[in-house]
Amino acid sequence: QYRLGAKEIFSDPGLLKHAKVVITTVDQAVCMLKNGETESLVKILKRLGARHAKYGVTAEHFSIVGDALVGTMHDALADNDKFTTHDVRAAWIEVYGSMISPAMIAGLLQEQP
């Protein structure tokens, strides 16, 4: 399994920039979900998935990303009892698996030959 340590992540400007974009995107997605903007969010996620096609991303990558996202959020928010509950973690897994990943995969597959 491929793993990067903090040293490699923080020393690579491109990876650091991408990480910041991902965090901002997740924040925007949470706000849209809270505001009931599900249809708009799905459209954005499809476009985001389509953009990833040019980077060689495959549908299989999304389960890896989902695991990493939930695990990273759990680790980063370990001191926040609200996030580390089983129900909240399960909710994130559900949202990723039922909306985020399928929408991005749909966009990705539209761009692949």
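Up top is the structure.
The rules behind each value
- Residues numbered from 1 in each chain as written.
- Predicted model: local features only at pLDDT ≥ 70, side-chain atom pairs only at ≥ 80, totals over all residues.
- Heavy atoms only, no water.
- Helix = DSSP H or I, 4+ residues; strand = E, 2+ residues; numbered from the N terminus.
- Expected span 1.5 Å × (residues − 1).
- Buried < 20%, exposed > 50% of the residue type's maximum accessible area, 1.4 Å probe, protein only.
- Arc of directions from axis to C-beta.
- Axes fitted to C-alpha atoms, helices over the stretch in contact; angles between N-to-C directions.
- Parallel < 35°, antiparallel > 145°, perpendicular 65-115°, else oblique.
- Left-handed = near helix turned anticlockwise from the far one by under 90°.
- Contact = heavy atoms within 4.5 Å.
- Nonpolar A, V, L, I, M, F, W, Y, C, P; charged D, E, K, R; others polar.

> Tell me what's going on with helix α2 (residues 13-34), and back it up with residues and numbers.
The α-helix winds at 3.6 residues per turn, so residues separated by three or four positions along the chain end up facing the same way. Across its 22 residues, α2 extends 32 Å between first and last C-alpha, which sits within 8% of the 32 Å expected from 1.5 Å per residue. Inspection of α2 places Val26, Ala29 and Met32 among the buried residues, and these make up the whole buried set. Within α2, the buried residues cover an arc of 125° as seen down the axis, which keeps them to one side. Along α2, the residues that are exposed and aim more than 90 degrees away from the buried face are Pro13, Lys17, Lys20, Ile23 and Lys34. Note on α2: the residue one or two positions beyond its end, Gly36, has a positive phi of about 75°.

> Explain the side chain of Ser101 residue by residue, including any values.
Tracing the backbone shows Ser101 in helix α5 (residues 86-111). For Ser101, a relative accessible area of 11% translates into the label buried.

> Describe the packing of α2 against helix α3 (residues 38-52), listing the residues and the values that go with them.
Two elements in contact, α2 and α3, have axes whose closest approach is 10 Å; the angle formed by their N-to-C orientations is 160°. Of the possible angle classes, the one that applies to α2 and α3 is roughly antiparallel. Seen from above, α2 lies across α3 with left-handed handedness. Where α2 abuts α3, its residues His18, Thr25, Ala29, Met32 and Leu33 lie against Ser40, Leu41, Ile44, Leu48 and His52. Classifying every residue of the contact of α2 with α3 gives six nonpolar, four polar and no charged.

> Outline the environment of Gly107, listing residues and values.
Secondary-structure assignment places Gly107 in helix α5. In this structure, the C-alpha to C-alpha distance between Gly107 and Ile44, residues 63 residues apart in sequence, is 9.4 Å. Residues contacting Gly107, with those up to four places away along its chain left out, are Lys46, Gly49 and Ala50.

> Give me the lowdown on the environment of Ile93, citing residues and values where you can.
Within the secondary structure, Ile93 is located in helix α5. Sequence separation between Ile93 and Asp67 is 26 residues, and the spatial gap between their C-alpha atoms is 8.3 Å.

> Report on the packing of helix α4 (residues 61-76) against α5, specifying residues and quantitative values.
Axis separation between α4 and α5 bottoms out at 10 Å; the angle between their running directions is 145°. Our pair here, α4 against α5, has a crossing hand that is right-handed. Taking contact as the criterion, the partners of Phe62, Val65, Gly66, Leu69, Val70, Met73 and His74 in α4 are, on α5, Arg89, Trp92, Ile93, Tyr96, Ser101, Met104, Ile105 and Leu108. Considering only residue class, the contact of α4 with α5 consists of eleven nonpolar, three polar and one charged.

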